[in-house]
Amino acid sequence: MSLPDEAKCLDCDYALRGLLSNVCPECGRGFDPAVRSTYKSRHWYHMWHLWESPQPMRTIVVAFVLTVMLLSLASCPGQFSLGAALAITTCGFFFSTAMLDYLVRTLVYATRGRYITRHGQPYRGAGRWRWYAIPVLILIASSSVLTDWPVRLRFWMSRSALESAARMHVATGTSMTQPQWIGVYRIEEIVTSADGVFFVTGSWFGDQEGFMYRPDDPEPATPNRLAPKWYCDQH
Ligand SMILES: [Zn+2]
């Protein structure tokens, strides 16, 4: 199979017709006359070369930032509901676009896929991890919306700090209106009552949400129970 007359290098636009080797003399990028996607031609499907690689870093970086944002909201009672509409819309749109993009790339790779590197060598899988980035981030992001593992994980990280604060407030019977960091939560308010100690982490439609420490541990079977004596609660 020979090169079309107008074939040009993908990187530097050098005219490739009539060369003795399959390497661009200008920039050293390799090409394969049998694979249209390894050089530019007028043929419409030279466009495929854009899809024959894993997703670019910028897509992965945006997906990563969105996932971290979602996890930070999903792990904090009262915060997720507040930002939920915006967060889910943004992430849903971005991730479905990224997933579609990913499927096209996978399909192109599976049907046409082989890469030629700059020096004409077959692709050896540099940056191969990028193929896994988007599916893994989508899995993390969607599981954080569908299950409560982020709140359980973040609570677990903060539990000993929250527990010593709770015991102190039970002993003194005092409340606290000054926001403060306890563990990895920013606690807006601490309300001590006959039931126990309520740590406010956010609010939703006028209801305060957060963690309730109940020394008598009244409902050991409820799904809201995060740990012995600790409940996700709203007031
Ligand atoms: Zn070139």
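What counts, and where the lines are drawn
Residues numbered from 1 in each chain as written. Predicted model: local features only at pLDDT ≥ 70, side-chain atom pairs only at ≥ 80, totals over all residues. Helix = DSSP H or I, 4+ residues; strand = E, 2+ residues; numbered from the N terminus. Expected span 1.5 Å × (residues − 1). Bend = angle between axes of the 7 residues up to and from the residue. Buried ≥ 20, exposed ≤ 12 C-beta atoms within 10 Å, placed from the backbone. Arc of directions from axis to C-beta. Contact = placed C-beta atoms within 7 Å. Pairing = 2+ DSSP bridges. Axes fitted to C-alpha atoms, helices over the stretch in contact; angles between N-to-C directions. Parallel < 35°, antiparallel > 145°, perpendicular 65-115°, else oblique. Left-handed = near helix turned anticlockwise from the far one by under 90°. Nonpolar A, V, L, I, M, F, W, Y, C, P; charged D, E, K, R; others polar.

Draft legend 1. Layout of helix 4 (residues 149-172). The end-to-end C-alpha distance of helix 4 is 33 Å, a good match for the 34 Å that 24 residues give at a rise of 1.5 Å each. The largest bend along helix 4 reaches roughly 55 degrees and is located at Arg 159. Pro 150, Val 151, Phe 155, Ser 158, Leu 162, Ala 165, Ala 166 and His 169 are the residues of helix 4 that are buried. Gly 173 sits one or two residues past helix 4 and shows a positive phi near 70 degrees.

Draft legend 2. Spotlight on helix 3 (residues 130-146). In this model helix 3 runs 25 Å from its N-terminal to its C-terminal C-alpha over 17 residues, within 8% of the 24 Å that 1.5 Å per residue would give. Within the sequence span of helix 3, burial applies to Ile 134, Leu 137, Ala 141 and Ser 144. With its buried residues spanning 105 degrees around the axis, helix 3 presents them on a single face. For helix 3, the exposed residues set more than 90 degrees away from the buried face come down to Tyr 132, Leu 139 and Leu 146.

Draft legend 3. Geometry of the environment of Leu 16. By the element assignment, Leu 16 lies in the segment before helix 1 (57-74). Sequence-wise, Leu 16 and Leu 3 are 13 residues apart; in three dimensions their C-alpha atoms are separated by 7.8 Å. Leaving out residues up to four positions away in the same chain, Leu 16 has contacts with Leu 3, Ala 7, Lys 8, Cys 9, Cys 24, Phe 31 and Tyr 39.

Draft legend 4. Layout of the pairing of strand 5 (residues 207-213). Burial analysis of strand 5 places five of its seven residues in the buried class, the great majority of the element. Relative to strand 5, strand 4 (residues 197-204) runs antiparallel, the two being bridged by seven bridges. In the strand pairing of strand 5, Phe 198 is matched with Met 212. Between the end of strand 4 and the start of strand 5, which pair antiparallel, lie two residues, with Phe 205 showing a positive phi angle near 50 degrees. Looking at chain direction, strand 5 and strand 7 (residues 230-234) are connected through five bridges and run antiparallel. When the sheet's bridge partners are listed, Met 212 is paired in strand 7 with Tyr 231.

Draft legend 5. View of the packing of helix 1 against helix 3. It is at 10 Å that the axes of helix 1 and helix 3 come closest, and there the two elements cross at 20 degrees. Here helix 1 is positioned roughly parallel relative to helix 3, judged by the angle of their axes. The handedness of the crossing between helix 1 and helix 3 is left-handed. In contact with Ile 60, Ala 63, Phe 64, Thr 67, Leu 70, Leu 71 and Ala 74 of helix 1, helix 3 contributes Arg 130, Ala 133, Ile 134, Leu 137, Ile 140, Ala 141, Ser 144 and Val 145. Tallied by class, residues from the contact of helix 1 with helix 3 come to 12 nonpolar, two polar and one charged.

Draft legend 6. Geometry of unusual backbone geometry. You will see that Asp 13, though not glycine, has its phi angle at about 70 degrees, which is positive. Position of Asp 13 among the secondary structure elements: in the segment before helix 1. Despite not being glycine, Lys 229 shows a phi value in the positive range, around 75 degrees. With 18 C-beta atoms packed within 10 Å, Lys 229 lands in the partly exposed category.

Draft legend 7. Fine view of the sheet that holds strand 3 (residues 189-192). Strand order in the open sheet formed by five strands is 3-4-5-7-6, with antiparallel pairing between adjacent strands. Both edges of this open sheet fall to strand 3 and strand 6 (225-227), since each of them pairs with a single strand only. Within the sheet, the average angular offset between the axes of one strand and its neighbour, ignoring direction, is 30 degrees. Of the strands in this sheet, strand 3, strand 4, strand 5, strand 6 and strand 7 touch helix 4, which is tilted by about 135 degrees from strand 4.

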